[in-house]
Amino acid sequence: MFTNDRRQEERTGRYGTSRLQYLQELVTQFQSTTCEESKEKIVANLANFAYDPYNYTHLRQLNVVELFLDCITEPNEKLVEFGLGGICNCCPDPANAAIVTQCGGIPLVIQCLSSPVRNTVNYAIGSLYYLCNTSNMEEIMKPEVVDIMKRYAAAEAANVSFSNLAKAFLDKHVSKNEL
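In this report, we go over the structure that sits alongside the text. (Residues numbered from 1 in each chain as written. Predicted model: local features only at pLDDT ≥ 70, side-chain atom pairs only at ≥ 80, totals over all residues. Heavy atoms only, no water.)

Side note on the side chain of H58
- Examined against the element boundaries, H58 turns out to sit in helix 4 (residues 56-61).
- Note on H58: relative accessible area 17%, which makes it buried.
- When sequence neighbours within four positions are dropped, the list of residues in contact with H58 reads R19, L20 and L23. (Helix = DSSP H or I, 4+ residues; strand = E, 2+ residues; numbered from the N terminus. Buried < 20%, exposed > 50% of the residue type's maximum accessible area, 1.4 Å probe, protein only. Contact = heavy atoms within 4.5 Å.)

And the structure:
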């Protein structure tokens, strides 16, 4: 459920921890822990906050979008999955999408299309759906990416979610005569 200032105050009370403070605590915990399992849980938690537009400003202020990008370069598949989930959740916002693009995130997201983890592939397709625009169309709409999307779209029997997401991507970003 999306939140607003009034709802946030109702949930935290007058003396509760503000959302910004709570997110800062999560980022600090992530940066200070060496335990992989703790990092996974923290990134999953941050990714859950990334879907709500109420949190977008806080996430940018705390460089969480960049943290998500760092996670998708890790060898730990859970960090990749949750980091990309965070990117997918926050990149419908143009300011967050611009950060992903400016920080070189598009090739990282494209690489995740071939992940063995189903959620990671779903998040990659969803992220590219939101990231693709006129300023980065050439970077995303390479023949190999379009080919992967066409294969996922055609694989309805194997994975319906891949197929549906890929079809939505192709419907939005590829002209009918190119299909």
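Next comes the rest of the description.
Notes on the pattern of salt bridges
- Using the criterion set out here, one finds five salt bridges in the structure.
- In this structure, the salt-bridge partner of D93 is R60, at a minimum N-O distance of 2.8 Å. Residue D93 is located in the loop between helix 6 (77-90) and helix 7 (94-102), and its partner R60 is located in helix 4; the two are separated by 33 residues in the primary sequence.
- With relative accessibility at 16%, the residue D93 sits in the buried group. (Salt bridge = Lys/Arg side-chain N within 4 Å of Asp/Glu carboxyl O.)

Some points on the side chain of R19
- Locating R19 in the fold gives a position in helix 2 (residues 19-32).
- Of the side chains with opposite charge, D52 comes closest to the buried, unpaired R19, at an N-O distance of 4.8 Å.
- Looking at R19, its side chain comes within polar contact range of the side chain of N55, at 2.7 Å. (Lys, Arg positive; Asp, Glu negative; His and termini not counted. Polar contact = N/O pair within 3.5 Å; in protein donor to acceptor, adjacent residues only side chain to side chain.)

What to know about helix 9 (residues 118-131)
- Under the 1.5 Å per step criterion, the end-to-end length of helix 9 is 20 Å for 14 residues, consistent within 8% with the ideal 20 Å.
- Looking only at helix 9, the buried set comprises T120, V121, N122, A124, I125, G126, S127, L128 and L131.
- Tucked inside the fold, the buried residues of helix 9 contact helix 6, helix 7, helix 8 (105-111), helix 10 (137-140), helix 11 (143-154) and helix 12 (160-173). (Expected span 1.5 Å × (residues − 1).)

Points about the packing of helix 5 (residues 64-71) against helix 6
- Direction vectors running N to C along helix 5 and helix 6 enclose 140 degrees, while the axes themselves pass 7 Å from each other. Between helix 5 and helix 6 lies a crossing of left-handed hand. Contacts from V65, F68, L69 and C71 in helix 5 reach L79, V80, G83, G86, I87 and C90 in helix 6.
- Its residues assigned to classes, the contact of helix 5 with helix 6 shows eight nonpolar, two polar and no charged. (Axes fitted to C-alpha atoms, helices over the stretch in contact; angles between N-to-C directions. Left-handed = near helix turned anticlockwise from the far one by under 90°. Nonpolar A, V, L, I, M, F, W, Y, C, P; charged D, E, K, R; others polar.)

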